[in-house]
Amino acid sequence: MRALPRLALAALTAAATVAVVSATADAAADPAPITVLTSDFEDGTVQGWAGRSAETLAPSTAVAHGGTNSLLVSGRTATWQGPSLDVFGTFEKGTAYTISVWVRMASGSDNARLSVERHTAGVASYDQVVGNTAVTSGAWVNLTGRYTLAADVDLLRVYVETASTTESFHIDDVTAAYVPALPVQTDIPSVKDVVTEFPVGAAITGAETVTEHGRLLTKHFDSVTPGNALKWDATEPTENTFTYTQADPLMAFAKANGLAVRGHTLVWHNQTPSWVFTGADGQPMTATAENKTLLLGRLENHIRNVAAHYGTDIGVWDVVNEVIDESQPDGMRRSTWYNVTGLDYIRTAFRVAREVAPHAKLYINDYNTNVPAKRDFLFTLIQQLKAEGVPIDGVGHQMHININWPSLVDTESMLTKFMPLNIDQQITEMDVSIYTSNSETFPTPPADRLLKQAYVYRDMFALFRRYSSEITSVTLWGLADDNTWLDTFPVTRKDAPLLFDTRLQAKQAYWGVADPTKIETSASPSPSVSASVSPSTSTSTGTGSCAVTYRVTGSWPGGFQGDVKVANTGGVALGSWKLAWQFTGGQQVSQLWGGAVTQSGAAVTVTNATWNGSLPAGGSTSLGFLGSWTGSNPVPAAFTLNGTTCTVL
Ligand code: 9MR
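Residues numbered from 1 in each chain as written. Predicted model: local features only at pLDDT ≥ 70, side-chain atom pairs only at ≥ 80, totals over all residues. Heavy atoms only, no water.

Going by what an unreviewed UniProt entry lists, the protein chain is known as Beta-xylanase and is assigned to Actinoplanes philippinensis. Note on the protein chain: under the UniProt heading Catalytic activity (unreviewed entry), the record states "Endohydrolysis of (1->4)-beta-D-xylosidic linkages in xylans." As stated in UniProt under Sequence similarities (unreviewed entry), the record for the protein chain gives "Belongs to the glycosyl hydrolase 10 (cellulase F) family." (UniProt positions renumbered as here; feature names shortened; annotations may be inferred.)

A. Highlighting the layout of surface pockets. Counted as a void, the second largest pocket has a volume near 580 Å³. Surrounding the second largest pocket, 29 residues form its lining, Leu451, Lys452, Tyr455, Arg458 and Trp611 being those nearest its centre. Elements represented by at least two residues in the lining of the second largest pocket include exactly α10 (447-466) and β28 (620-628). For the lining of the second largest pocket, the leading source of residues is α10, giving 9 residues. (1 Å grid on protein atoms, 1.4 Å probe; cavity = no way out; pocket = protein on both sides within 12 Å on 5 of 7 lines; lining within 4 Å. Points joined across faces, edges and corners; volume = space filled by probe spheres on them. Helix = DSSP H or I, 4+ residues; strand = E, 2+ residues; numbered from the N terminus.)

B. Highlighting the pairing of strand β23 (residues 559-568). Counting buried residues along β23, 10 of its 10 residues qualify, which places the element largely inside the surrounding structure. The alternating pattern of β23 places Gly559, Gln561, Asp563, Lys565 and Ala567 and Phe560, Gly562, Val564, Val566 and Asn568 on opposite faces, both of which are buried. As paired elements, strand β22 (residues 546-556) and β23 share 10 bridges and run antiparallel to each other. The residue of β23 that forms the bridge with Tyr550 is Val564. Sheet topology places β23 next to β28; 9 bridges connect them, and they run antiparallel. (Buried < 20%, exposed > 50% of the residue type's maximum accessible area, 1.4 Å probe, protein only. Pairing = 2+ DSSP bridges.)

C. Quick look at the side chain of Gln81. Assignment of secondary structure puts Gln81 in the loop between β5 (70-74) and β6 (83-86). Look past the residues within four positions of Gln81 in its chain and what remains in contact with it is Ser53, Glu55, Gly75, Arg76, Val160, Glu161 and Phe169. (Contact = heavy atoms within 4.5 Å.)

D. Local environment of the nonpolar core. Grouped together as the largest cluster of nonpolar side chains are 102 residues, with contacts concentrated most on Trp317, Ile346, Ile364, Met430, Tyr457 and Phe464. With near-sequence residues (within four places) excluded, Tyr457 lies in contact with Met430, Asp431, Val432, Leu476, Pro497, Leu498, Leu499, Ala509, Gly512 and Val513. (Core = buried A, V, L, I, M, F, W, Y, C linked by side-chain atoms within 4.5 Å.)

E. Main features of the packing of aromatic side chains. Summed over all chains, the structure comprises 25 aromatic pairs. The interplanar angle of 70° and the centroid separation of 5.5 Å between the aromatic rings of Tyr97 and Tyr178 together place this pair among those described as edge-to-face. Here Tyr97 is found in strand β7 (residues 96-105), whereas its partner Tyr178 is found in strand β12 (residues 169-178), with 81 residues between them in sequence. Exposure remark for Tyr97: the relative accessible area of 2% places this residue in the buried category. For the pair Tyr550 and Phe639, a centre-to-centre distance of 6.0 Å together with 40° between the ring planes defines the contact as tilted. In this pair, Tyr550 sits in strand β22 while Phe639 sits in strand β29 (residues 639-641), placing the two residues 89 residues apart along the sequence. In terms of burial, Tyr550 and Phe639 fall into one category: buried. Seen from the ring of Tyr363, Arg262 lies directly overhead, with NZ or CZ sitting 5.5 Å from the centre. (Phe/Tyr/Trp six-rings, centres within 6.5 Å; stacked < 30°, edge-to-face > 60°. Lys NZ or Arg CZ within 6 Å of the ring centre and 35° of its normal.)

F. Expanded view of unusual backbone geometry. The linkage connecting His264 with the following residue, Thr265, adopts the cis geometry, with an omega of 0°. Structurally, Thr265 can be placed in strand β15 (residues 260-267). In this structure, Pro490 follows Phe489 across a cis peptide bond, with omega equal to -5°. Within the fold, Pro490 resides in the loop between β21 (471-476) and α11 (508-514). In this model, Gln271 sits at a positive phi of 50°, which is unusual for a non-glycine residue. Topologically, Gln271 is positioned in the loop between β15 and α5 (289-310). Taking relative accessible area as the criterion, Gln271 reaches 29% and is therefore assigned partly exposed.

G. Region of the structure containing the state of the cysteines. Considering all chains together, one arrives at 1 disulfide under this definition. A sulfur-sulfur separation of 2.0 Å characterises the disulfide bridge that pairs Cys546 with Cys646. Measuring the twist about the S-S bond at about -95°, one finds the Cys546-Cys646 disulfide to be left-handed. Taken together, the positions of Cys546 in strand β22 and Cys646 in the loop between β30 (644-645) and β31 (647-648) put the pair 100 residues apart, joining distant regions of the chain. Given a relative accessible area of 0%, Cys546 falls into the buried group. Since its relative accessible area comes to 2%, Cys646 is described here as buried. (Disulfide = S-S within 2.5 Å.)

H. Spotlight on the sheet that holds β6. With respect to topology, 5 strands assemble into an open sheet ordered β3-β6-β11-β8-β9, the strand pairing being antiparallel. Sheet topology places β3 (50-51) and β9 (123-136) at the edges, where each strand pairs with a single neighbour. As judged from the 11 bridges shared by strand β8 (residues 109-120) and β9, these two strands associate in the antiparallel manner. Bridge assignment links Arg118 to a residue of β9, and that residue is Ser125.

I. Expanded view of the sheet that holds strand β24 (residues 578-582). Pairing in this open sheet of 5 strands is antiparallel, and the strands run β26-β27-β24-β29-β30 from one edge to the other. The sheet terminates laterally at β26 (595-600) and β30, the two strands that pair on one side only. Two strands pair when backbone bridges link them, and β24 and strand β27 (residues 603-608) are joined in this way by 5 bridges, in the antiparallel orientation. Bridge assignment links Ala580 to a residue of β27, and that residue is Thr605.

J. The arrangement of the site of the ligand in detail. What surrounds the ligand is the set Asn228, Lys231, His264, Trp268, Gln271, Asn321, Glu322, Gln398, His400, Glu429, Trp477 and Trp485. The separation between an oxygen atom of the ligand and a polar side-chain atom of Asn228 is 2.8 Å. The separation between an oxygen atom of the ligand and a polar side-chain atom of Lys231 is 2.7 Å. Surface burial for the ligand is 73%, taken as the share of its 450 Å² of free accessible area covered by protein chains. When the residues that make up the shell around the ligand are grouped by side-chain class, the tally is 3 nonpolar, 6 polar and 3 charged. (Near = heavy atom within 4 Å. Polar contact = N/O pair within 3.5 Å; in protein donor to acceptor, adjacent residues only side chain to side chain. Areas by Shrake-Rupley, 256 points an atom, 1.4 Å probe, with all protein chains shown as cover. Nonpolar A, V, L, I, M, F, W, Y, C, P; charged D, E, K, R; others polar.)

Okay, structure coming up:
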């Protein structure tokens, strides 16, 4: 069997061979991942894999993903039965492993998923690594996900199961790999010591509380929000059976480290089990009086239990989440909550939360509150409910934004809008995507995007701090770029929306918050270049009032990523610029950021973007691109800026 290419952390989708090198000046270069397990079944054995019950495992030559052998599981009598491998002693607590497995049905079709079973003191927990993924007998399908063990265990097994049938299936070419963590930087200011106007928090899972992640968290933050552990599906998966196995360890960590906790969230339309919305007749609820009574009763019972379980340990609750939909004539989201109860679910939720947690600040939380129509509907709703006496203490602005959106002006209007209501305001889920459209994908975060992101963090935090009489906390939706929901939303691609990079090192974005004078405006891409890329830099020189550095920062069969830094070395500021070069190897730019590109044959012309058009004397800007190549990938020999030949560095 042919060995699979080693997994790159960034390559969350099935990877082609990608030689990824860092293009960022501040982020640590990603080294090659270390592979800790490989199962290819080519030696004709099951290589340590076992069934989860009485099913049969055997090497098979009927189909293979690579080579001639795979592993066949047959004789299944339940959907949870499937192949499993002992990884106790292989996986270390606190290390993020990327696990990849190829799956193919022997016949029929189903959904397959990849999980980890762990036991602590004999009690089993099941962590899903990759959710239901359609699989047929016609093709191999890859399941790749990231897993961090966050608890002490006495049993640990990776396994594959299916969702609905007991058909036989194959697996092949299983790998698990990790990128070694770097120590947390201790010689940089703690965000919480710099931003003293309000607590600064991070959303967490168990993975953020252990080893280096735990150290990074407690160094910089004074508040946490369990990202999923307090949601309905985690706390009351079946009616009136409450479980806190996800949240309790996070709460204990917070307590032990003196971190405040935002409780997220008591009522939402997502991550709520279907039984909640199922009527006594077993059917999805429709708007009847009986269903309304049943649903409000379930809501009250849920809040009474969950809020009481944590008592004063949770000082702020997102009582209701995302109830506004500005596309509706009345601005109310048409969730089952709303369809069955009208506004009463919101009234009930706040009333009960106040009763059970009288000490806690009660929030209504939503995204896109900077969008005027949404903001205005939310304002009107809070105003109406408060007039009725509904105990709303604050409005939460999620702030899932990107490097181009929203404007500071709109963000400020978002804050000033709610001031007349005399309620607190919090930024509850901030992250800043490096992407500005769903069609972009960068193998490595481009340096100029990270720079732009640093300015966004700088400006947004400056704004929040100016409004510190309104804002009582700012929370980021994650700790570091190695674990962000944006890696799979709105499409699967590596994003980098937080203050610390995938190896927990401070990004330019961190400096945007901690000390904007340290943002490196002339940050040039890391000179480290994959050995497979040759030549990597230009060597010819010329004279002129500009200087260009051209780097190939990553290369793979047929494709590459490049960065170009252009400096105005003349004495005159430029108000706009046009950079031109010739590709002599038939390369073609497919996507470019930091400017607008046209290519005609070999001739590439890039004009400035709106935000980097002004290039002062001595100033520089960077752009990056993805391109294709065949045969060879020679570096352009000459560049012109506004028609003047540049020195090539
Ligand atoms: O971070 C959460 C992610 O792990 C979940 O898959 C996702 C889906 O429900 O929810 C994420 O958190 C959301 C939060 O609860 C409410 N605002 C939007 C957040 C991002 O989706």
